[in-house]
Amino acid sequence: MISTDGVPGLAIDCRMLFEISDKTSTTTQQQGTEVILTMEYESINALGHLAIPILTLDNTLALKVLLPAAITKSTSQQRLTPLHEFEKVMGSLYGVAGLVHFYDSLFGDSKLLVAAGAAGYFELPPVGQSLVILWCAMGPVAFALSRLEKVSGGDRGLGTAGLVSYGVVEVVLAAVVNANSVGSVDINPFINAIGVQIAVAVSWIYASQIASEGTGRDC
């Protein structure tokens, strides 16, 4: 699978190469299939490099943990429900967002904070800096919980907990920034954060209803 255009503004010449071959276990002599996935892309800015750790972790979890666990379960257990799929996608988005925000706040020009009406990261008081770091950290936490959800059996609410935690921290940070704005902004950060979380909540409810209907049909 090759995309020469890649992701606009981030990377070009993206490709996923799958090597599939038959393999015989040296211990049990059972026939099996070996799948080797190679992902390549050419980064065109610093943000592209930030995606490498999370992509590596995602692929490692998928191939080394989730795939073997899924193979040992029945066909009905192997399927990800729409809710789990949604949590997985949002976990990935929040994970990348957390890394990007961290880089922008500590190593960039704090463009997102300044655009929201706040001061640059290093101009914030210690409490403000701590809240920004917590916000950035919640992205990878949401990502990790969305993956652990499937490993734990898919019914422990870990993925949902990650999304809710990220949303709460983001709304609190937006409220603090809005209350202590040092400049004019085009978009109220608090209203914008509330709007995003409402959209996420509505999508979560929709996905959970589809999952419930699917379970009812299976029964």
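Draft legend 1. Expanded view of the overall build of the protein chain. Secondary structure summary: the protein chain contains seven helices and three strands in total. Reading the protein chain from its N end, one meets helices and strands in the order β-β-β-α-α-α-α-α-α-α. Relative to its full complement of 219 residues, the protein chain shows a buried share of 29%. Of the roughly 13300 Å² that the protein chain leaves accessible, carbon and sulfur atoms contribute 64%.

Draft legend 2. Structural context of unusual backbone geometry. At Ser110, a residue that is not glycine, the phi angle is positive and equals roughly 55°. Within the secondary structure layout, Ser110 lies in the loop between α3 (82-106) and α4 (111-115).

Draft legend 3. Summary view of the sheet that holds strand β2 (residues 11-24). With antiparallel pairing, the three strands of this open sheet are ordered in space as β1-β2-β3. Edge strands, defined here as strands with exactly one partner in the open sheet, are β1 (2-3) and β3 (31-43). Across two bridges, β1 lies against β2 in antiparallel orientation. Bridging across to β2, Ile2 finds its partner in Arg15.

Draft legend 4. Structural detail: the pairing of β2. Relative to β3, β2 runs antiparallel, the two being bridged by 12 bridges. Residue pairing for β3: Ser21 is matched across the bridge by Glu34.

Draft legend 5. How the structure looks around the packing of aromatic side chains. Counted according to the given criterion, the structure contains four aromatic pairs. Pairing Phe102 with Phe107 gives two aromatic rings, centres 6.0 Å apart and planes at 65°, and the pair type is edge-to-face. Judged by its relative accessible area of 34%, Phe102 falls in the partly exposed class. Between Tyr121 and Phe122 the ring centres are 5.0 Å apart and the planes differ by 85°, which places this aromatic pair in the edge-to-face class. When its relative accessible area of 8% is taken as the criterion, Tyr121 is described as buried. Classification of Phe122 by relative accessible area gives exposed; the value is 62%.

Draft legend 6. Seen up close, the environment of Leu83. Topologically, Leu83 is positioned in helix α3. Taking the C-alpha atoms as reference, Leu83 lies 7.8 Å from Ile210; in sequence the two are 127 residues apart.

Draft legend 7. Main features of the side chain of His101. With respect to the element layout, His101 can be found in helix α3. For His101, the residues in contact, after removing those within four places along its chain, are Leu112, Trp135, Cys136 and Tyr166.

Draft legend 8. Inspection of a nonpolar patch on the surface at higher detail. A grouping of Phe190, Ile191, Ile194, Ile198 and Val202 is seen on the molecular surface, where their side chains present a nonpolar patch of about 440 Å² in accessible area. One can find Phe190 in helix α7 (residues 189-218).

Draft legend 9. Structural detail: the side chain of Ser105. Among the structural elements, Ser105 can be located in helix α3. Side-chain polar atoms of Ser105 contact the backbone oxygen of His101, separated by 2.8 Å. The residues touching Ser105, leaving out its near neighbours within four places in the chain, are Ser110, Leu113, Tyr121, Phe122 and Val132.

Definitions and limits used
- Residues numbered from 1 in each chain as written.
- Predicted model: local features only at pLDDT ≥ 70, side-chain atom pairs only at ≥ 80, totals over all residues.
- Heavy atoms only, no water.
- Helix = DSSP H or I, 4+ residues; strand = E, 2+ residues; numbered from the N terminus.
- Buried < 20%, exposed > 50% of the residue type's maximum accessible area, 1.4 Å probe, protein only.
- Areas by Shrake-Rupley, 256 points an atom, 1.4 Å probe, with all protein chains shown as cover.
- Pairing = 2+ DSSP bridges.
- Phe/Tyr/Trp six-rings, centres within 6.5 Å; stacked < 30°, edge-to-face > 60°.
- Contact = heavy atoms within 4.5 Å.
- Patch = residues over 30% accessible without salt bridge, like charges linked within 9 Å, V, L, I, M, F, W, Y side chains within 5 Å.
- Salt bridge = Lys/Arg side-chain N within 4 Å of Asp/Glu carboxyl O.
- Polar contact = N/O pair within 3.5 Å; in protein donor to acceptor, adjacent residues only side chain to side chain.

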